[in-house]
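Overview (structure and organization)
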Amino acid sequence: MVVTIVLALLTGAAALAVLLPLARRPAAHAAGDADTGFYAAQLAEIDRDAARGLLAADEAEVARVEAARRLLAAERRAAAVSADASATWRRRVAALVALVGIPLLSVPLYYTLGQPSLPDQPLASRSQESKGNLDFDQAMARIESHLSANPEDGRGWEVVAPLYMSMGRYDDGVRAWASANRLLGETPARLDNWGEALVAAADGLVTAEARAVLDRALKADPTSVKSRFYRALGAEQDGDSKAAIEAYSKIIEDVPPGSPVVKSLAERITKLGGTPPAAAQVAALPPKDQMDAIKGMVEGLAARLAQDGSDVEGWLRLVRSYAVLNEPDKAKDALQRGTTALADNPDGRARLEALGRDLKIGGS
Amino acid sequence: MIVEVGHYALVLAFALSLVLSVIPIWGVVARDGVLMGTARPVALVMAALVAVSFVALTAAYVTSDFSVVNVVQNSHSAKPLVYKISGVWSNHEGSMLLWVLILAVFAAAVAVRGSGMPQRLLAGVLGAQGAVAAAFLAFILVTSNPFARLSPAPFEGQGLNPLLQDPGLAIHPPLLYLGYVGFSIAFSFAVGALIEGRIDAVWARFVRPWTLVAWIFLTLGISMGSYWAYYELGWGGWWFWDPVENASLMPWLAGTALLHSTVVMEKRDALKVWTILLSILTFSLSLIGTFLVRSGVLTSVHAFATDPTRGTFILAILIIFIGGSLALFAWRAPMLRQGGIFAPVSREGALVLNNLFLAASCATVFVGTLYPLALEAVTGWLDPANPAKISVGAPFFNLTFLPLAIPLLLAVPFGQSLAWKRGDLLGVAQRLVTAGVLAVLVTVAVLAVTWGGPVAAPLGIGLGAWLILGSLTEIVTRSRPAGGFFASGNLGKALSRAAGLPRSAWGTALAHAGIGLTVIGIAATAWGVERIVTMKPGETVDLGGYQVRLDGVAPRNGPDYRETVARLVVLDGSKVLGTLEPGKRIFAARNMPTSEAGLLTVGLGQVYASVAEIESDGRAGLRLYWKPLVLLIWLGSVVMALGGGLSLLDRRVRLGAPVRSRAPAAVPAE
């Protein structure tokens, strides 16, 4: 609003610069006035110089004759030029140009080139906006200048990458994650993040490049939730709803019940016309019932595993669920039972033990 | 909001420049005083709008508003404040905005000072100025908009080209632009006079101060640029005949000629058509200079804008203005009334000689600068795979420019001493005998002292002495009292006469003496000593009578760069004269190394050191120079500019009257 007023004032000033002189009465200004004044000044000066002794008397005389000759010529010229005429129609055209022409040119031109709604963003006020976090900006600037001097510092890239992502600088995030992967070696987590950055940089579109990275992540760790989610999103974007629903449902079954992703995945499935798996329906219940439902489901799972203990994924989910429900004893118990049940599956047992270590409930 | 207001002000200034280039000119053609009367207020408001726009961009730089693309590309939040401000014009877009700002401010200055000017001339001048402004504002808005925005804004900028992060940059371009653009006023005066179909002494009286102002700034700008290249590029040269340097030298030569021819016109009402042509050519050469630098057709340090659209646009501006004004000249010039004729031996005759030599040397530089480009363009067009590339450098210019410059310089004291209308060459020669003999004695003495050294140097110093003494002779002669200097009480009389001389006479003498100083500085470069050495810490080398010792090599941190400096001590025998700290800098934001020269001034000479390489074992590869009297090159140009300034203070209207009395007492009514 203020912008509009200021722009209007400027336009007004510009128009007035033309209108005001047009409103003045035609000056009684003969063309030769300034000329005659000039030569008259010259004559006066010759007299001054002669008085100060800078000119000898005879020289002054010659100079005076010369100047007088020019003065007469100028006066003759001035007389020959008739007094300036001013036609009303010309003034009207000029006034029209000022009132209509100027805004008609400047306003559309400005609205094509400028961005009137975009406010100024001086650096100082921007740091205040980000919760007065001036140190953060400075730290960021320091890391960036460090990295521009030492572009081979993979750790630095890994530190700065999530910061870029949280600041919304996705292109920089892509560059940082790519560098981290190149310099520190690819791990499932780094590949996941790189893929996520690529998707974010493409405004949420799972591009071919992002797919290639995500596939590499899935090859290294097929259970990665992030990569599986973006692959499923890719399928959804391709119009392959069936595959997307299937993949989303699979993720819901694999994450611990109550995980925040469940709800949004269930919504996606519903939007695509599918039915979310039972686990997801819990998310729709009120909080108190949710807990009961979850507990019920966990007990159901425990009961199923007690009968058939060969389901590695089942054991993993059970342990994770108890951990999430803040029942460490039950989690420990489930871990032990699972390890026993998977006695003839060293691979599955190793994964279970690894989970136990991650959750700090192992120690058997 | 500030940024957008600045942007809108620029657009509005464009609209007003169109109004300015149409309505007042229409008034001149239709002899309508009211329409002509719009010129002054419109020019003032246009300048104010461009100023608003420039201030807005500067504010964006100072506050590091990275939502402006231009700021992101050329600034950095860690930069010192001075360089944030100078960053505004260190890039293409910003420098074009500065160009237009100066253009508009000059137009406003003419409008303010124009109350005594004939109205038709004033309207014509401002109209022409408006047309030039319109072309450049359109150029900025269409191809080089400094107000383009970016959202979301990044949190840090990309920094400034490190070569340009220097105090020299803060001053050099604005000075140079004041010079270039200042000549637009002379151009507009010429166009105004052609439109009006009338040109006379009054015209010359009003155009002269503007030409002088432009000339002073251009002189300082070129000299500043030369000094900047001298200490920043790290190889100790002060003039490279680089096309960009030539681009500023050409308008200077033409402008110097113009300065002299307007004097003839003001005093003698002669050389009208030639003066008009020179006004057009001088500004055209400024435009060509802008084109060469801005289009990127040259590959040199200065051509940091490489963009064919821009090149084409500027070329179009060039064709329209140069072609248009020359066409106007061809059409209207024959209608101009010719002024008086004069004898070849007279002040005006000498000034014609001056103009001939200056124009010829300007043409030489023009050919040397543009021929390689034209050749490459033509052969590239005939055979795109294999364009002919030649480079024209110092040898060409030494062979062509110097033979024109030297006779001109020799003739300067004569011209200065000749009287208007009818000169007395013999009388002048008699008066200059003392100066001539002294100059020859200086040459011989210097030659004897430096026997075995280069011969050109003593000759050059003799020429410089001749210019200085010859300029003084004029002042001495004119302040000589009737009975000579040594009669009783006459010394005081002489001093008061000297003080009473017109300021323009002092200005002329000072400016010509300034050329003498520069010539001496240039001549002395022949005695320079250059050594390329690799030194261990503690080692000492000889350098032209002094000794230089390397104390050590140390890393150091600046605000936005790291550097490694070599600490050098300059000794004269056992006496320490001072220390030098040349270094190599790495700027964080651009990751680009630059070298910083170390300078130590000894008298009027300088010890100059730059680092070529620092080896891991602490040894330093260095270039060391001893440059005797080198400062005179730039001091001379400052003296020239001072002379111009003194002449500018002379506000009198002048008339050249013939002199009838005896030569020694000759006092032309200057």
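Residues numbered from 1 in each chain as written. Chains lettered and ligands numbered in written order. Predicted model: local features only at pLDDT ≥ 70, side-chain atom pairs only at ≥ 80, totals over all residues. Heavy atoms only, no water.

Counting its secondary structure elements, chain B contains 19 helices and 10 strands. On C-alpha atoms alone, chain B measures out to a radius of gyration of 27 Å, which is about the 26 Å that the 2.2 N^0.38 rule sets for 670 residues. Buried residues in chain B amount to 61% of all 670 residues. Sequence separation of at least 24 residues holds for 73% of the intrachain contacts in chain B that already meet a minimum separation of 6. A total of about 24300 Å² of accessible surface is found on chain B, and carbon and sulfur atoms cover 69% of it. Of the charged side chains in chain B, 45 are positive and 33 negative, and the gap between their average positions amounts to 14 Å. (Helix = DSSP H or I, 4+ residues; strand = E, 2+ residues; numbered from the N terminus. Rg over C-alpha atoms; globule rule 2.2 N^0.38 Å. Buried < 20%, exposed > 50% of the residue type's maximum accessible area, 1.4 Å probe, protein only. Contact = heavy atoms within 4.5 Å. Areas by Shrake-Rupley, 256 points an atom, 1.4 Å probe, with all protein chains shown as cover. Lys, Arg positive; Asp, Glu negative; His and termini not counted. Charge placed at Lys NZ, Arg CZ, Asp CG, Glu CD.)

What follows is about the packing of helix α1 (residues 2–30) of chain B against helix α7 (residues 119–143) of chain B. Any two packed helices are characterised by the angle at which their axes cross and by the distance between the axes. All names here are of chain B. Axis separation between α1 and α7 bottoms out at 7 Å; the angle between their running directions is 145 degrees. Considering the relative orientation of α1 and α7, their crossing is left-handed. Grouping the amino acids of the contact of α1 with α7 by side-chain chemistry returns 19 nonpolar, 6 polar and 1 charged. (Axes fitted to C-alpha atoms, helices over the stretch in contact; angles between N-to-C directions. Left-handed = near helix turned anticlockwise from the far one by under 90°. Nonpolar A, V, L, I, M, F, W, Y, C, P; charged D, E, K, R; others polar.)

As a further point, take helix α8 (residues 167–196) of chain B. All names here are of chain B. The end-to-end C-alpha distance of α8, which contains 30 residues, comes to 45 Å, matching closely the 44 Å that a straight helix rising 1.5 Å per residue would cover. Counting buried positions along α8 yields 25 of 30 residues, so the element is predominantly enclosed. Downstream of α8 by one or two residues, G197 has phi in the positive range, about 75 degrees. (Expected span 1.5 Å × (residues − 1).)

Attention now moves to the packing of helix α14 (residues 394–417) of chain B against helix α16 (residues 456–478) of chain B. Residues and elements named next belong to chain B. α16 packs onto α14 with a crossing angle of 5 degrees between their chain directions and a minimal axis gap of 9 Å. In terms of their interaxial angle, α14 and α16 are classed as roughly parallel. Counting all contacts with α14, which are made through L409, L410, V412, P413, F414, Q416 and S417, the residues of α16 involved are L463, W466, L467, G470, S471 and E474. Of the residues contributing to the contact of α14 with α16, the split by class is 8 nonpolar, 4 polar and 1 charged. (Parallel < 35°, antiparallel > 145°, perpendicular 65-115°, else oblique.)

The interface is formed by 76 residues belonging to chain B together with 72 residues belonging to chain A. Overall, the association of chain B and chain A removes approximately 6300 Å² of surface from exposure, summing both partners, and the carbon and sulfur fraction of that is 64%. On inspection of chain B and its partner chain A, the count reaches 1 salt bridge. Measuring nitrogen to oxygen at the nearest pair gives 2.9 Å for the salt bridge that ties D32(B) to R90(A). Our count for the contact surface shared by chain B and chain A stands at 13 residue pairs in polar contact (both at pLDDT 80 or more). Elements that contribute at least two residues to the side of chain B that touches chain A include exactly α1, α2 (33–36), α3 (39–62), α7, α9 (201–232) and α10 (243–268) of chain B. Ranked by residues supplied to the side of chain B that touches chain A, first place goes to α1(B) with 17 residues. (Buried area = accessible area lost by both parts, 1.4 Å probe. Salt bridge = Lys/Arg side-chain N within 4 Å of Asp/Glu carboxyl O. Polar contact = N/O pair within 3.5 Å; in protein donor to acceptor, adjacent residues only side chain to side chain.)

Our next topic: the pattern of salt bridges. Applying the stated criterion to the full structure yields 28 salt bridges over all chains. The partner of E474(B) in a salt bridge is R478(B), and the shortest N-O contact between them spans 3.4 Å. With E474(B) and R478(B) both in helix α16 and 4 residues apart, the pair spans about one turn of that helix. Here E474(B) matches R478(B) in class, with each residue buried. The salt bridge partner of E563(B) is R585(B), with a shortest N-O separation of 2.9 Å. Here the residue E563(B) occupies a position in strand β4 (residues 561–572), and R585(B) occupies one in strand β6 (residues 583–587), the gap between them amounting to 22 residues. Per residue, the accessibility class of E563(B) equals that of R585(B), and both read buried. The structure contains a network of salt bridges with shared partners spanning E144(A), R169(A), D172(A) and R175(A).

Core analysis: the largest hydrophobic core is formed by 167 residues, its most contacted members being V18(A), W99(B), L126(B), F189(B), W203(B) and I276(B). If we ignore the near neighbours within four places in the chain, the residues touching W203(B) are L121(B), F189(B), A190(B), A193(B), T262(B), M265(B), T275(B), I276(B) and S279(B). Of all hydrophobic cores here, the second largest spans 35 residues; its members include W177(A), A197(A), A232(A) and A235(A). (Core = buried A, V, L, I, M, F, W, Y, C linked by side-chain atoms within 4.5 Å.)

Time to look at a nonpolar patch on the surface. Together, M1(A), V2(A), I5(A), L9(A) and M1(B) make up an exposed nonpolar region whose accessible area comes to about 540 Å². For L9(A), the location among the structural elements is in helix α1 (residues 2–23). (Patch = residues over 30% accessible without salt bridge, like charges linked within 9 Å, V, L, I, M, F, W, Y side chains within 5 Å.)

With that settled, the discussion passes to the packing of aromatic side chains. Residues and elements named next belong to chain B. All chains considered together, the criterion is met by 25 aromatic pairs over all chains. Centre to centre, the rings of W99 and F136 are 4.2 Å apart; their planes meet at 25 degrees, and the pair counts as stacked. Of this pair, W99 sits in helix α6 (residues 92–113) while F136 sits in helix α7, placing them 37 residues apart in sequence. Across the pair, F136 and W99 agree in class, each one buried. The interplanar angle of 75 degrees and the centroid separation of 6.3 Å between the aromatic rings of F106 and W210 together place this pair among those described as edge-to-face. Taken together, the residues F106 in helix α6 and W210 in helix α9 connect sequence positions 104 residues apart. (Phe/Tyr/Trp six-rings, centres within 6.5 Å; stacked < 30°, edge-to-face > 60°.)

A few words now on the confidence of the model for chain B. All names here are of chain B. For chain B, per-residue confidence averages 84 on the pLDDT scale, and residues scoring 70 or more make up 92% of the total. Confidence, read as mean pLDDT per element, is least for strand β7 (residues 592–596) in chain B (75) and greatest for α3 (95). Across residues 300–305 the pLDDT falls below 50, and counting only partners more than four positions away or on other chains, this stretch makes 21 contacts in the model. pLDDT under 50 marks residues 656–670. Its contacts with residues more than four places away, or in other chains, come to 36 contacts. (pLDDT = per-residue confidence, 0-100.)

Residue and element names in this part refer to chain B. Phi is positive for W241, close to 50 degrees, though the residue is something other than glycine. Tracing the backbone shows W241 in the loop between α9 and α10. Even without glycine at this site, L629 takes up a positive phi of about 60 degrees. Within the secondary structure, L629 sits in the loop between β10 (620–627) and α19 (631–649).

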